[in-house]
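What follows is each chain in one-letter form.
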Amino acid sequence: MVDKPVLKKADFESDQAVRWCPGCGDYAILAQTQKIFPEITTEKEKVVFISGIGCSSRFPYYMNTYGFHTIHGRAPTVASGLKISNPDLSVWLVTGDGDGFSIGGNHMIHLLRRNVDLNVMLFNNRIYGLTKGQYSPTSEQGKITYSTPMGSLDYPFNPTKLALGARGAFVAKTIDRDLKHLQSMIKRASEHRGTSFIEIYQNCNIFNDGAFSELTDKETKSERVLKVEHGEPMIFGKENNKGIHLDGIKPQVVTIGEKHSIDDILVHDETDAFIGDMLSNFTASDTFPEPLGVLYCVERPTYDDLMVEQMKEAEKNTKGPKSVNDLLNAGDTWEVK
Amino acid sequence: MAKNVSNKTIDNVTIRFAGDSGDGMQLSGGRFTQTSAVVGNDLSTLPDFPAEIRAPAGSLAGVSSFQIHFSSQEIHTPGEKPDVLVAMNPAALKVHLKDLVPGGTLIVNKNAFTKKNLTLAGYEDDPTEDGSLVDYYSTHFIEMGKLVTNACEGIDIPSKMVDRTKNLCALGVLFWMYDRPLEPTIDWLNQKFKSKPDIIEANVRALNAGYNYGDTAEIFTTRFIVEKAKLPKGKYRNMNGTLASCLGILTAAEKSNLGITFAGYPITPASNILHTLSNWKQFGIKTYQAEDEIAGIGAALGASYGGALGITASSGPGIALKTEFLGLAVMTELPLVVINVQRGGPSTGLPTKTEQSDLFQAVYGRNGEAPIPVIAPTTPGDCFFATYEACRLAVKYMTPVIVLSDGYLVNGSEPWLIPDPNKLEEFKVEFAQEDKDEQFLPYKRDEETLARSWAIPGTKGLEHRIGGLEKQDVTGNVNYDSDNHQKMVQIRAQKIANIASELPETKVFGEKSGDVLILSWGSSHGACRAATESLLSENLKVGHVSINWISPLPKDLGGILNKYKKVLIPEVNTGQFRQIIRAEYLVDAIGLNEVQGKPLGASKIEKKVKDLIDG
């Protein structure tokens, strides 16, 4: 947390020309990141952006911090090794739905369960952009693409549900077009110790244009988006009169002022795993609005902290050889004279 | 009871302990090794265990063995055919009897020759009853089960536990035969089972029972004395390749003041490196068991990017998975050490058996022009020096380095002259620092080595981006220009070639010119050296060169090859190093190739050299 920013947005802009397609949602995400970072840190030399392969993974080149553009799907491995070796750093991982969930799916789930203290920005455009338009593991079933002319057969992942299933301790969702919300989610992630996972809906205007238009178009968005905030009732709708009510253990959408009052509306508790699970189930549902915000956030010991603790404990308690020379000379030895 | 026992002094002996996986043969072998080391013999060992964790008891698949060759002379191999075979059950006899030298000593645990065990081993008739063994070998049938049962009478432990002390009984017999002290083993038992006095008591009694059996049974009439070996002066310990590699890593950490992050995924026969280092947290070594092989090398590379030395270890199949990351390490020019403990391939192959068949994989196995230095330790103890050098040069040249170890080296052991870390090559590390007068250029190079600087996150003013896309010379920016690519490919190759200037002068053992040069790499060293010694004693014009560095090769090697009429390259593969040597030097090298899951034997090499000399 920064009390008084000393850096400016420009300090986070690198000298490299940005090369995404004009109109790509990535531009907005980059700009909001650069804008919010002065509020996140005063020491940009401690910031590292690590990515895999894909459109989103070009991101580190455009941030004037340390950056490492690694190989397809493997950014979590490099980021984990970096954070373990150098726990002082603020490590950010930029990935996409293909990089993070297809080729790199294994690393992603293990990162989340280990809870290494780093931040994941997963750009989900539900398509492969860099390889020119094949379906991704978050594409809806039946997607017509170059590789699936008759429609894709595979059923998609639900990213926030997957993250929760992998025991993620911070799971949030936002969207490229809602600039303030995007900024606030990045800030929240930075403040959380442990693996912070943000799914960012991002429009690919070339290969999957309009994938999230329901959530961004003026006419539909207020009916389709539920902004969740800790301690606040789950209210949405054009008139702000719709809400989520729990009927027993079943959530339902109700209209305030009809059979239910504001007191009947579920209040978001981001530390409640059941609420987190419930909200993640709203994704791609016809009945429920799309929840944006921090779905779930709890403090859990981080892998890197636990490792530091073990190292200290070992140093304190080990009885055996203390120096390398002792160790070289340990065991049964004998002299040849 | 006094009996007439004569002592006979001999130069060297090879003993093989063989039994069921549950019979504790590795323990017997290990204790015999330790004792022989302490009494001052030179020695070399070869454990051999099944790939299955718990193969059915008594089955052929479940046989485990341990061979030790010990001597009053300097030796280089774990021996070929054993002079003594200890067979704890019918399956062990079936598997190993064919290797025992004619007239050799055979010690058989008679109690294990039950109908069930005989059937499991595929014997129709009991070979201990039909006289066949006695005719060909100096055979001793010992009822070890009975011996330990009697010895352990009165100790309150289950009979199953008593039966498990048979391996100590067998060891006791061998200790008697070779006149070795029991104390080191008793001390070890006391240490190992500190909180279980009954177990200690049972094992000590079993050990003594075996020893006393040798002493009193009329059947043993000769004890063999193997004197101390004349090894170079100094302090010794027994050393296996796993521990040696780990000590090499630790010494590198101490001399460089670098943090070490070891990240790996369990795989036979490399896992023990992870286990050993995981116990050394007090020395600041961080270990990370990753979710898969790829994550292991990725985390190691991430650690190196962050200013620690990242290390990973695996075996062939795991190295295959790590390959893409090796390319990234080449492109981003970060230090990284990758230890490949080779095993039989292809695919899952022979997980517990040794082979030298990942040479091409190490030297060539990547997409694009991706040169990586490759160093191969030659003996278990040499794993220390090879791993240390790999760490040092990875940092000095900002490159991944592959250490080509193998199953034989990591599990085998030898007496090891404990080195003085102060006498190793210096290992200094300088991280890049901000220079206010000059813009930081990540791919600006040291003029001599061509290495770029190591600029680690957290350093003010050096913020920069790296990645797998082609780099512009000097700036390190992404660049697709054709001339730049050509230049960068050449620079990366030249940087690795420059390492040749670090290599010591190549030593020729034996004749400096003549009829045949035996050229070996890695763990084939021992068999080749033993063969050369034998051939030289017959006044043949033979030399031996043992190669550590395969990439780059020593600069003076070409000149040496030309001094012999013929060059023979024995290796445990179908001729991979031979192809490299032929390509590099246009020398018509001849191969001696065996892939039988074990190190080469010296006798075949000797025969081959003689055939070559005879034309």
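All values reported here derive from a predicted model rather than from experimental measurement.

Things to note about the overall build of chain B
Tallying secondary structure elements over chain B gives 21 helices and 23 strands in all. Computed over the C-alpha atoms, the radius of gyration of chain B is 27 Å, within 12% of the 25 Å expected from 2.2 N^0.38 for a compact globule of 615 residues. Principal axes of the C-alpha set define a box for chain B whose edges measure 90 × 60 × 45 Å. Looking at chain B as a whole, 54% of its 615 residues qualify as buried. Residue pairs at least 24 apart in sequence account for 77% of intrachain contacts in chain B once pairs closer than 6 positions are excluded.

Notes on the sheet that holds strand 20 (residues 542-547) of chain B
Residue and element names in this part refer to chain B. Taken in spatial order, the five strands of this open sheet run 18-20-19-22-23, and their pairing is mixed. Each of the sheet's edge strands pairs with one partner strand only, and the pair in question is strand 18 (509-510) and strand 23 (590-593). When strand 19 (residues 514-521) meets strand 22 (residues 564-571), the two strands line up parallel, connected through four bridges. Bridge assignment links I518 to a residue of strand 22, and that residue is L568. Contacts from helix 18 (residues 525-537) reach strand 18, strand 19, strand 20 and strand 22, with the element oriented near 165° to strand 20.

Structural notes on the environment of A57 of chain B
Residue and element names in this part refer to chain B. For A57, the position within the fold is in the loop between strand 3 (42-48) and strand 4 (63-71). Exposure remark for A57: the 15 C-beta atoms within 10 Å place this residue in the partly exposed category. Residues A57 and E291, 234 residues apart in the sequence, show an inter-C-alpha distance of 33 Å. Ignoring sequence-local partners within four residues, the contact set of A57 consists of D20, G22 and G62.

Topic: helix 18 of chain B
Residue and element names in this part refer to chain B. Over its 13 residues, helix 18 extends 18 Å from the first C-alpha to the last, a length consistent with the 18 Å expected when each residue adds 1.5 Å. Every buried residue of helix 18 is listed here: H525, G526, A527, C528, R529, A530, A531, T532 and L535. Those residues of helix 18 hidden inside the fold are in contact with strand 3, strand 18, strand 19, strand 20, strand 22 and helix 21 (602-614). In the stretch just after helix 18, N539 is the one whose phi turns positive, near 60°.

Focus on the environment of P415 of chain B
All names here are of chain B. Relative to the helices and strands, P415 resides in strand 16 (residues 413-417). C-alpha separation for the pair P415 and G58, spaced 357 residues apart in sequence, amounts to 33 Å. Those residues in contact with P415 that lie beyond four places of it in its chain are A37, D42, L43, L231, Y236 and N238.

Notes on the packing of helix 10 (residues 241-256) of chain B against helix 11 (residues 271-278) of chain B
Residue and element names in this part refer to chain B. At their nearest, the axes of helix 10 and helix 11 sit 9 Å apart, and the two run at 50° to each other. Comparing the axis directions of helix 10 and helix 11 gives the class oblique. Judged by the sense of rotation from one axis to the other, the crossing of helix 10 with helix 11 is right-handed. Every residue of helix 11 that contacts helix 10 at T242, L243, S245, C246 and I249 is listed here: N272, I273, T276 and L277.

Some words on unusual backbone geometry
Cis rather than trans, the peptide bond between T268 of chain B and P269 of chain B has omega equal to 0°. The residue P269 of chain B is located in the loop between strand 10 (260-264) and helix 11 in this model. Here the residue pair S551 of chain B and P552 of chain B is connected by a cis peptide bond, since its omega of -5° sits within 30 degrees of zero. Tracing the backbone shows P552 of chain B in the loop between strand 21 (549-551) and helix 19 (557-561). Phi angles above zero are rare outside glycine, and R126 of chain A is one such case at about 55°. Following the sequence through the fold, R126 of chain A ends up in the loop between strand 4 (119-124) and helix 6 (159-165). Residue class for R126 of chain A comes out buried when judged on the 23 C-beta atoms lying within 10 Å of it. Residues other than glycine seldom take positive phi values, yet N240 of chain A does so here, at roughly 55°.

As for the packing of helix 1 (residues 25-38) of chain B against helix 8 (residues 183-192) of chain B
Residues and elements named next belong to chain B. At their nearest, the axes of helix 1 and helix 8 sit 9 Å apart, and the two run at 125° to each other. For the element pair helix 1 / helix 8, the angle class is oblique. Note on packing geometry: the crossing formed by helix 1 with helix 8 is right-handed. On helix 8, the residues that touch R31, Q34, T35 and V38 of helix 1 are P184, T185 and W188. Class assignment of the residues belonging to the contact of helix 1 with helix 8 gives a composition of three nonpolar, three polar and one charged.

A look at the interface of chain B and chain A
Each partner contributes residues to the interface: chain B has 59 residues there, and chain A has 48 residues. Within the residue set of the side of chain B that touches chain A, elements represented by two or more residues are helix 1, strand 9 (234-240), helix 10, strand 10, strand 11 (285-289), helix 12 (293-305), helix 13 (316-332) and strand 17 (465-467) of chain B. Looking at the side of chain B that touches chain A, the element that brings in the most residues is helix 12 of chain B, giving nine residues. Class assignment of the residues belonging to the side of chain B that touches chain A gives a composition of 28 nonpolar, 19 polar and twelve charged. The sheet contact formed by strand 12 (residues 333-336) of chain A and strand 9 of chain B spans four bridges and is antiparallel. Paired with V336 of chain A across the bridge in strand 9 of chain B is G234 of chain B.

Procedures and definitions
- Residues numbered from 1 in each chain as written.
- Chains lettered and ligands numbered in written order.
- Predicted model: local features only at pLDDT ≥ 70, side-chain atom pairs only at ≥ 80, totals over all residues.
- Helix = DSSP H or I, 4+ residues; strand = E, 2+ residues; numbered from the N terminus.
- Rg over C-alpha atoms; globule rule 2.2 N^0.38 Å.
- Buried ≥ 20, exposed ≤ 12 C-beta atoms within 10 Å, placed from the backbone.
- Contact = placed C-beta atoms within 7 Å.
- Pairing = 2+ DSSP bridges.
- Axes fitted to C-alpha atoms, helices over the stretch in contact; angles between N-to-C directions.
- Expected span 1.5 Å × (residues − 1).
- Parallel < 35°, antiparallel > 145°, perpendicular 65-115°, else oblique.
- Left-handed = near helix turned anticlockwise from the far one by under 90°.
- Nonpolar A, V, L, I, M, F, W, Y, C, P; charged D, E, K, R; others polar.

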